[in-house]
Structures are given as C-alpha cells and as structure tokens.
Amino acid sequence: MFTSGATESINLVIQGSNKIDNTSKIKPRIGVLSVEHKAVLDTCYALAKKGLAEIINLQVDSKGRLDTNHLEKVCASGLSLLCVMAANNEIGNIYPIQEVGKIAQKYKIPFLCDASQAVGKISINFEEWGITYLAISAHKLYGPKGSGALVVRKGYHLNPILFGGGHQKGQRSGTLNVPGIVGLGEACRLRLLEMEKDENAIALLRDKLQGLLLDKIPGLTVNGDINSRLSGNLHISIPDVPNSAIIARVRHQLAISTGAACSSGVETPSHVLTAMGLPQEVIEGALRIGIGKFTTLQEIEQAASILTEAVSLTRKALYSSYRIE
Ligand code: PLP
C-alpha cells in the first residue's frame, strides 16, 4: 500500500492492526525495541496513554544490540504485535530481522519491521523472513520526500486510520501521490542495480573517516555495534566536548547532527543513547555523521580536518575558561 512515508505506514499498523477499542477487556500487548524511531514509540505510547495498549520494552545493551533470548521470553508471554526495526537511524545498528521474524512466527505474533533505514542499503527478504508488515520511506533511498509504502503479508487486514473514498482496498483513503509513487519505484529499481557497489564504497569512506577521527581526536569513541551497522553511518562521542559546541562551530561547513535528523527542533537527549545506558558525558558529546553515495573522498578528508580543528578549538576554549575560574 502506498503512503506518505514511514510514519504513516507505522501508524497504520500500530493503530490499525490491534483490536483497539475500549470495550475490550484484554488490552493489546505491544513489544517494542527501546531504540525504535519516535514514529513507533510515540504511536505506541499514545495508545498506552489512552489505556488502549500495554507496551513491553525490549531492552538493548550498551552497544544498542537486542537480546534475542529476552525477546523470545517476551514473545512466549504473549504479544499482539512486535515492533523491531531493521536498522537504527541514529547509531546505524542492523538488527537480526531474520532471527526476530523466526521467533515472531514461532509464537504467531504479527511483526512490524520499520525498514526505513534499511531498504536500499541492505537485503531484506520479506517473503522468507517472517515479516508481517514492512514500512518503507522513499527519501531514505534517494527517492522523493513525502512518499512511502507499507508491505502487508497476505491474509492480514488493517483497520483504516484515514476514512474517505475507500482507496487501496479501503485501507488508506485519499488520492494517491502518483509522482511520489513513481519516484519511490524508480528509487527501488536503481537501488537494486547499485546498492551493493555503492554500499561497499560508502563503507570504505566511513571507515576512512572513522580512522582519521580516531587518530586525530584523543578520547573519541565510536557508538553502536561496529560489527553490524549500516555502511553510511558513523556515530561518535567526544565525552568532554558538548556536541552543541561542535555543531555551532562546523554547521556552515558540515551537515552533522546530534541524534535523529528527522525529529524537528528536538533538543532533548537522544532516547536511543539513553536506552543504551551510556554515561551522560558520552550522550552530551555524541555526533552522528551520515555518508551517502554522493560523498567523495575529498569531502571525507575535509570533514575530518574540520571536526578535528573544531574539537581542538573547543577544548582550548573550555580549558582556558576553567583556568579563569
Ligand atoms: N523510521 C526511521 C527508522 C526513520 O529514520 C524515519 C525517518 O525519517 C522514520 C521512521 C520516519 O520516516 P518518514 O519521514 O518517511 O515518515
């Protein structure tokens, strides 16, 4: 089904797949990975706030990894929906979706996989991996903004959250965004052709940047699961240097963020890093750098020197102000 993006696809599943009505005596239980995007978390919590669902948090470790033994225990206790993302938008972790799908199938639990960050970057086998609902966002795979899709396994029905002309088998009313859909389709076609080559090249650039930064910035740490992460993701912390100070220095030269780039105007600490239980100074010194298919080696080297210089100037300023005090 075509939607306006992953947020809508996710809402459609969480609000539309459960038998949500306040006459039901048994509340739907939704199992949610604690580092999910806010589109998942806030939709779940909005239902919980109205007393329409119970949310069971699936914890992660300090590298943001999911404990599949814990997941299995939670599934065994009974869930009406399981939400586990394919890849995280902040730390870039790739989650073991095939294994999660197997567990979900074993306990007959519908499984929503938010694959916004993964589709077009890693292979996902919807048919064979036991995924019930797959949320996709076009602009994450070089497609147009405001377009997305929800892939629904045969035999599963969703109650609509938008009512009207009964488009898309009555599940999502509203005139379809044809240019957006064509753009999504073309982006998918191109990713199929280019993904493997692009992602290998992007990983090399990311590793180059990571190496330069580790070399030149004492105390820098890399966050997330470096053994299973998206090629284009680099998430670092410089624990004694507030990220806001670095961003203020580099923002005219480098597009860099402290956390989720798609949460507008949010200044609160990252819920992802908080769920990982990282120390406050690591959270406050966190920076997320995205690398894409159009990034060049020259830009990587430039980015490394801009960041190194910004950290060194910020450290000087911080330490000299301590001395005055
Ligand atoms: N899920 C993840 C993991 C994301 O990174 C985003 C970011 O935009 C979304 C969901 C929301 O997608 P959209 O902007 O298409 O609604």
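Bear in mind that the values here come from a model prediction, so they are computed numbers and not experimental data.

Helix and strand counts for the protein chain come out as nine helices and 10 strands. By the compact-globule yardstick of 20 Å for 325 residues, the protein chain fits well, its C-alpha radius of gyration being 21 Å. Taken along the three principal axes of its C-alpha coordinates, the protein chain extends 65 × 40 × 35 Å. In the protein chain, the proportion of contacts linking residues at least 24 apart, taken out of those at least 6 apart, comes to 70%. When the accessible surface of the protein chain is totalled, it reaches about 16,100 Å², and 55% of it is carbon and sulfur. If you average the places of the 34 positive and of the 29 negative side-chain charges in the protein chain, the two averages end up 4 Å apart.

Moving on to helix H3 (residues 68-76). Within H3, the full set of buried residues consists of Thr68, Leu71, Val74 and Cys75. Each buried residue of H3 sits inside an arc of 110 degrees when the element is viewed along its axis, so together they form one side. Opposite its buried face, H3 presents the exposed residues Asn69 and Lys73, each directed more than 90 degrees away. Those residues of H3 that are buried are in contact with strand E2 (29-33), strand E3 (54-58), strand E4 (81-83) and helix H4 (97-106). Looking one or two residues past H3, Gly78 carries a phi angle of roughly 100 degrees, positive in sign.

Counting residues in each nonpolar core, the largest one holds 45 residues, and the members touching the most others are Leu33, Leu82, Val84, Tyr95, Ile97 and Phe111. Of all the secondary-structure elements, those providing two or more residues to this core are E3, H3, H4, strand E5 (111-114), strand E6 (133-137), helix H5 (178-216), helix H7 (271-275) and helix H8 (280-284). The element best represented in this core is H4, accounting for four residues. A domain-level breakdown of this core finds at least three residues from each of domain 1 (2-187) and domain 2 (194-324).

Per the counting criterion, the structure on display carries 12 salt bridges. Here Lys106 and Glu72 are joined by a salt bridge, their closest N and O atoms 2.6 Å apart. With a gap of 34 residues between them, Lys106 in helix H4 and Glu72 in helix H3 connect regions that are remote in the sequence. For Arg206, the salt bridge is made with Asp207, and the minimal N-O distance between the two is 2.8 Å.

Backbone-to-backbone hydrogen bonds pair the strands of a sheet. The strands run either parallel or antiparallel. The strand order across the open sheet formed by three strands is E8-E9-E10, and the pairing between neighbours is antiparallel. Each edge of the open sheet carries a strand with a single partner, namely strand E8 (221-222) and strand E10 (286-290). Pairing of E8 with strand E9 (residues 233-237), which is carried by two bridges, proceeds in the antiparallel orientation. For Val222, the partnering residue across the bridge sits in E9 and is Ile236. Seen against the sheet, H5 touches E8, E9 and E10 and runs at an angle of roughly 15 degrees to E9.

Let us look at the domain arrangement of the protein chain. Here the protein chain is partitioned into domain 1 (2-187) and domain 2 (194-324). Inter-centroid distance (C-alpha atoms) of domain 1 to domain 2 is 28 Å. Interface area for domain 1 against domain 2, summed over the two sides, is near 2,200 Å², with a carbon-plus-sulfur share of 57%. A per-residue breakdown of the area domain 1 buries against domain 2 is headed by Glu90, Ile91 and Tyr142, which together make up 32% of the total. Linking domain 1 with domain 2 are zero salt bridges. Counting across the domain 1 and domain 2 interface gives nine residue pairs in polar contact (both at pLDDT 80 or more). A class-by-class count of the residues in the side of domain 1 that touches domain 2 yields eight nonpolar, 11 polar and eight charged.

Close contact between helix H1 (residues 6-16) and helix H2 (residues 38-49) brings their axes to 9 Å; oriented N to C, the two are set at 35 degrees. For the element pair H1 and H2, the recorded crossing hand is right-handed. For the pair H1 and H2, the contacting residues are Thr7, Ile10, Asn11, Ile14 and Gln15 in the first and Ala39, Val40, Thr43, Cys44 and Leu47 in the second. The residue makeup of the contact of H1 with H2, split by class, is six nonpolar, four polar and no charged.

Bringing H4 into the picture now. All buried positions along H4 are accounted for by Ile97, Val100, Gly101, Ile103 and Ala104. Down the axis, H4 shows its buried residues gathered within 160 degrees of arc, on one side only. For H4, exposure combined with an orientation more than 90 degrees from the buried face picks out Lys102 and Lys106. Here the buried face of H4 lies against H3, E4 and E5. Looking one or two places after H4, you find Lys108, whose phi comes out positive at around 55 degrees.

Cut-offs applied
- Residues numbered from 1 in each chain as written.
- Predicted model: local features only at pLDDT ≥ 70, side-chain atom pairs only at ≥ 80, totals over all residues.
- Heavy atoms only, no water.
- Helix = DSSP H or I, 4+ residues; strand = E, 2+ residues; numbered from the N terminus.
- Rg over C-alpha atoms; globule rule 2.2 N^0.38 Å.
- Contact = heavy atoms within 4.5 Å.
- Areas by Shrake-Rupley, 256 points an atom, 1.4 Å probe, with all protein chains shown as cover.
- Lys, Arg positive; Asp, Glu negative; His and termini not counted.
- Charge placed at Lys NZ, Arg CZ, Asp CG, Glu CD.
- Buried < 20%, exposed > 50% of the residue type's maximum accessible area, 1.4 Å probe, protein only.
- Arc of directions from axis to C-beta.
- Core = buried A, V, L, I, M, F, W, Y, C linked by side-chain atoms within 4.5 Å.
- Domains from an automatic or database assignment.
- Salt bridge = Lys/Arg side-chain N within 4 Å of Asp/Glu carboxyl O.
- Pairing = 2+ DSSP bridges.
- Axes fitted to C-alpha atoms, helices over the stretch in contact; angles between N-to-C directions.
- Buried area = accessible area lost by both parts, 1.4 Å probe.
- Polar contact = N/O pair within 3.5 Å; in protein donor to acceptor, adjacent residues only side chain to side chain.
- Nonpolar A, V, L, I, M, F, W, Y, C, P; charged D, E, K, R; others polar.
- Left-handed = near helix turned anticlockwise from the far one by under 90°.

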